[in-house]
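Single-letter residue listing:
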Protein chains: 2
Amino acid sequence: MVMSVDTELLRVLSDPLRLRIVTLLAHETLCTTHLVAETGARQTNLSNHLRVLRDAGVVETEPCGRFTYYRLRPEVLESLSGQFAGLAATARANADAKRSC
Amino acid sequence: MVMSVDTELLRVLSDPLRLRIVTLLAHETLCTTHLVAETGARQTNLSNHLRVLRDAGVVETEPCGRFTYYRLRPEVLESLSGQFAGLAATARANADAKRSC
DNA sequence: TGAAATTATCAGTCCATGGTGATGTCAGTC
DNA sequence: GACTGACATCACCATGGACTGATAATTTCA
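The following refers to the structure shown.

Parameters and conventions
Residues numbered from 1 in each chain as written. Chains lettered and ligands numbered in written order. Predicted model: local features only at pLDDT ≥ 70, side-chain atom pairs only at ≥ 80, totals over all residues. Heavy atoms only, no water. Near = heavy atom within 4 Å. Polar contact = N/O pair within 3.5 Å; in protein donor to acceptor, adjacent residues only side chain to side chain. Helix = DSSP H or I, 4+ residues; strand = E, 2+ residues; numbered from the N terminus. Nonpolar A, V, L, I, M, F, W, Y, C, P; charged D, E, K, R; others polar. Core = buried A, V, L, I, M, F, W, Y, C linked by side-chain atoms within 4.5 Å. Buried < 20%, exposed > 50% of the residue type's maximum accessible area, 1.4 Å probe, protein only. Contact = heavy atoms within 4.5 Å. Pairing = 2+ DSSP bridges. Least-squares fit on C-alpha atoms with pLDDT ≥ 70 in both.

1. Comments concerning the protein's contact with DNA strand D
Link 1 in the chain: Taken together, 23 residues sit near DNA strand D, with T33, S47 and Y70 of chain A together with T44 and H49 of chain B positioned nearest.
Link 2 in the chain: Among atoms of DNA strand D positioned within 4 Å of the protein, sugar and phosphate together represent 73%.
Link 3 in the chain: Taking T33 of chain A, its side chain carries an N or O atom lying 2.4 Å from a phosphate oxygen of DNA strand D.
Link 4 in the chain: At a separation of 3.3 Å, a sugar or linking oxygen of DNA strand D approaches a polar backbone atom of R66 of chain A.
Link 5 in the chain: When residues of the surface near DNA strand D are assigned to their parent elements, the largest contribution, five residues, is made by helix α4 (residues 43-55) of chain A.
Link 6 in the chain: A per-class count over the surface near DNA strand D returns four nonpolar, 12 polar and seven charged.

2. Concerning the nonpolar core
Link 1 in the chain: Ranked by internal contacts, the top residues of the largest apolar core, which has 58 residues, are L13 of chain A together with L13 of chain B.
Link 2 in the chain: Here L13 of chain B is in contact with L10 and F84 of chain A together with L19, V22, L53, V58, L77 and L80 of chain B, once residues within four sequence places are set aside.

3. Some thoughts on the sheet that holds strand β1 (residues 30-31) of chain A
Two modes of strand pairing occur in sheets, parallel and antiparallel, and in both the strands are linked by backbone hydrogen bonds.
All names here are of chain A.
Link 1 in the chain: The three strands lie next to each other as β1-β3-β2, forming an open sheet whose pairing is antiparallel. The open sheet has two edge strands, β1 and β2 (59-64), and neither has a second partner.
Link 2 in the chain: Pairing between β1 and strand β3 (residues 67-72): two bridges, direction antiparallel. Across the sheet, residue L30 finds its bridge partner in β3, namely Y70.

4. A word on the relation of the copies chain B and chain A
In summary, the two copies of the chain are related to each other by a rotation about an axis coupled with a shift along it.
Link 1 in the chain: It takes a turn of 180° to lay chain B on chain A, together with a shift of 0.0 Å along the axis; the resulting RMSD is 0.0 Å. Between the two chains, the operation in question is that of a two-fold axis. Taking C-alpha positions as the reference, the residue of chain B nearest the rotation axis is S81 of chain B, at 2.1 Å.
Link 2 in the chain: Take the interface residues of chain B: 98% of them recur as interface residues in chain A, which is what a same-surface contact looks like.

Have a look at this one:
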């Protein structure tokens, strides 16, 4: 019952554009060009964000010629889901606990 | 099956101190003084963060004399957990989908 | 009523980080 | 080999937001 949430992972996912990327990748594996077209963001900007996502283990790359495919790693999201579920369960269990002043 | 995650809520929870507060409140309802003692942060700082958490609906307040108790709302965490689980499930279902360049 | 305790508000500072342009690197094509 | 396209890297700028000090508002107690 450690019930702690991965802060760093949360920070990485809390950016709107990065979350958008993750949502897109949840539907199909894409390469940078696709993401540029889908999001309207600059290539440089996307490349920076993809690096952050990759460093955090959220995404893995698959080089294919001059293209680079990005694939989402569902385990990471599942883990996060479990962490929040655990924290919520803890809160439910301790709903009546109140420290007196 | 839109499977989008609440970005604003994520942003709110992605701050280390706020996540610490949420974790503490998952175990028992506390007032500001307790949170000051537990976290070591300044009262002003905590008050600001608690306002953010409250505005985001993560926490609710219960005034009690000159004290203010803060209670965690588990529904919010459960919702977030469900959103991530749904996104992960989508990714699992589309694991083989890859758009060609 | 005066003083102390608890919490909130406000204005200001400072820094992390998201966005950008320029440039480098590598693969494919002519 | 020259050229184009895909992607990464670097340095820079601008801004949001975390933190702080001073202060106000409210409650409790002597």
